[in-house]
Amino acid sequence: MSDPIPTDEPQSTKQPHGNWLTYAICVAIVAAIALALLAPHLAASLHIGGELFLRMLKMIVVPLVFTSVMCGVLGMGDVRKLGRPGAAAIGYYIATTILAVIVGLVVVNVVQPGVGTVDQATLDQMQTEDRGSPKSKIIKTLAESSGLSVSEVGGVLENLPPGESVQPGIGTIFENLMLMLVTDNLIVSAANTQLLPIIVFAIMFAGMLTTMHDEVSVITTLITQTNAALMKFVMLIMYFAPIGIFCLVAARFGEAQANGQFIQELSQIGWYFGTVLLGLGIHAFITLPAIFYLIRRENPYRYMLAMSQALLTAFSTASSSATLPVTLECSEAAGISKRSTEFVVPLGATINMDGTALYEAAAAIFIAQVAPGIDLDFWQQVVVAVTATLAAIGAAGIPEAGLVTMLIVLNAVGLPLEYMGLILSVDWLLDRFRTTVNVFGDAVGAAVVEKTLPEIDN
Ligand code: ASP
């Protein structure tokens, strides 16, 4: 069931469908951005093509997560053998998320993008509540990304005392995270693409199957074959990637260009944007490759190249969940054992979000730097670090989910929520970069955890 771990073989950079697809996706992205700049309205009208591609990816996420996690556990042969790789995976997720948060805090404290960069008029505007003002934009964006109604989100924000800490407490946040692990209705969770309880169920169920041996051989064969068929289906969907990605990128960049304010807003908070990008770059090009090299003694950048189709899909969809099928496909094509990818990547796409954690910490400190009269001391920054880690674990792998869970971070240290308006306008673009880092973090996780897998006896 599992691929052998390559040892003496040169490290693979094989990509699903070969390199042509990667080149085609790159050309599609560049052409889409060019079209958005030259003919923004035409580009924006292509959203239907992007939506179709996105739906194709999303439609197989739930069945694929279910079967791949089960295959990963079944591949261990015995549920007791799950302990070491399981602990390694959780340890990796937590360690890399904390490292990402530290990088975020260091860059934002060194660069100080919020000191003397945003003018008073813009800050005053953040406090107003007219239609179209930042506050109503925050509510609209949060409603769109959380699936709640505008009045529900508005109600929540109204009930939060401004500028004062309503601290739900790290205990409460932790409790909520624990509750996310188990669902009382698997069908409802599947319908809402809540992957975490599905993964927990799949691990428990497959673990139990491993104790039943021949009694359940039909079920295990069915699951294994369904998983293989779904992976083949991902290959089929990826033939549409160049055109789908072209439409996705053209539509979003075209919309921003057509609105006309994007460049102006970007220049207003360009330092913030650059600081978060710098942090993400350090994590993606130094921290994660260093971990990869330390554990595997192989060239991490070759692995990054092998993952390029998944990374480009992450950039284009801004969703680690939608990218999950491609991440699985690429990491397997790169030679990582199926047992590791099937187990580590789905869980990682749900709870391991290094880019999001880094961004949440950096954005919170940026808001503190901008807001008049607020100076976070060392211990408050530690609270930011802890809540950013938990908020990233709790964030769904969907576009701009990090913006919603950032409320937790801002609340924990009593930062004014109105100032989120400042970062909203560029968040869709930043989201694409942090999602790319999230996906690379999962792929490196699969490569790292592979080294802790038990031997297969047969
Ligand atoms: N869009 C991100 C993801 O899917 C989550 C976020 O940071 O908003 O990984």
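One can find the structure itself at the top, above this paragraph.
None of the values given here were measured: they were computed from a predicted structure.

Quick look at the side chain of Arg-432 now. Within the element layout of this structure, Arg-432 appears in helix 23 (residues 420-450). Within the buried core, Arg-432 has no salt-bridge partner, and the shortest N-O distance to an opposite charge, that of Asp-431, equals 6.4 Å. Within the local environment of Arg-432, its side chain forms a polar contact with the backbone oxygen of Trp-428, the two atoms lying 3.4 Å apart. Non-local contacts of Arg-432, meaning those with residues more than four positions away in its chain, are made with Arg-252, Ala-314, Phe-315, Ser-316 and Ala-318.

At a minimum axis separation of 11 Å, helix 5 (residues 83-111) and helix 19 (residues 338-351) run at an interaxial angle of 30 degrees. Here helix 5 and helix 19 pass one another in a crossing that is right-handed. Residues Pro-85, Gly-86, Ala-89, Ile-90 and Tyr-93 of helix 5 touch helix 19, and the partners they reach there are Phe-343, Val-344, Leu-347, Gly-348 and Ile-351. Counted by class, the contact of helix 5 with helix 19 contains eight nonpolar, two polar and no charged residues.

Enumeration according to the criterion identifies nine aromatic pairs in this entry. Measuring from centroid to centroid gives 6.3 Å for Trp-20 and Tyr-239, while their planes differ by 25 degrees, and the two rings are stacked. With a gap of 219 residues between them, Trp-20 in helix 1 (residues 19-38) and Tyr-239 in the loop between helix 12 (217-238) and helix 13 (241-259) connect regions that are remote in the sequence. Here the aromatic rings of Tyr-92 and Tyr-93 are separated by 6.3 Å at their centres, their planes lie at 70 degrees, and the arrangement is edge-to-face. Cluster of aromatic residues (ring-pair linked, three or more members): Phe-66, Phe-201 and Phe-205.

What counts, and where the lines are drawn
- Residues numbered from 1 in each chain as written.
- Predicted model: local features only at pLDDT ≥ 70, side-chain atom pairs only at ≥ 80, totals over all residues.
- Heavy atoms only, no water.
- Helix = DSSP H or I, 4+ residues; strand = E, 2+ residues; numbered from the N terminus.
- Buried < 20%, exposed > 50% of the residue type's maximum accessible area, 1.4 Å probe, protein only.
- Lys, Arg positive; Asp, Glu negative; His and termini not counted.
- Salt bridge = Lys/Arg side-chain N within 4 Å of Asp/Glu carboxyl O.
- Polar contact = N/O pair within 3.5 Å; in protein donor to acceptor, adjacent residues only side chain to side chain.
- Contact = heavy atoms within 4.5 Å.
- Axes fitted to C-alpha atoms, helices over the stretch in contact; angles between N-to-C directions.
- Left-handed = near helix turned anticlockwise from the far one by under 90°.
- Nonpolar A, V, L, I, M, F, W, Y, C, P; charged D, E, K, R; others polar.
- Phe/Tyr/Trp six-rings, centres within 6.5 Å; stacked < 30°, edge-to-face > 60°.

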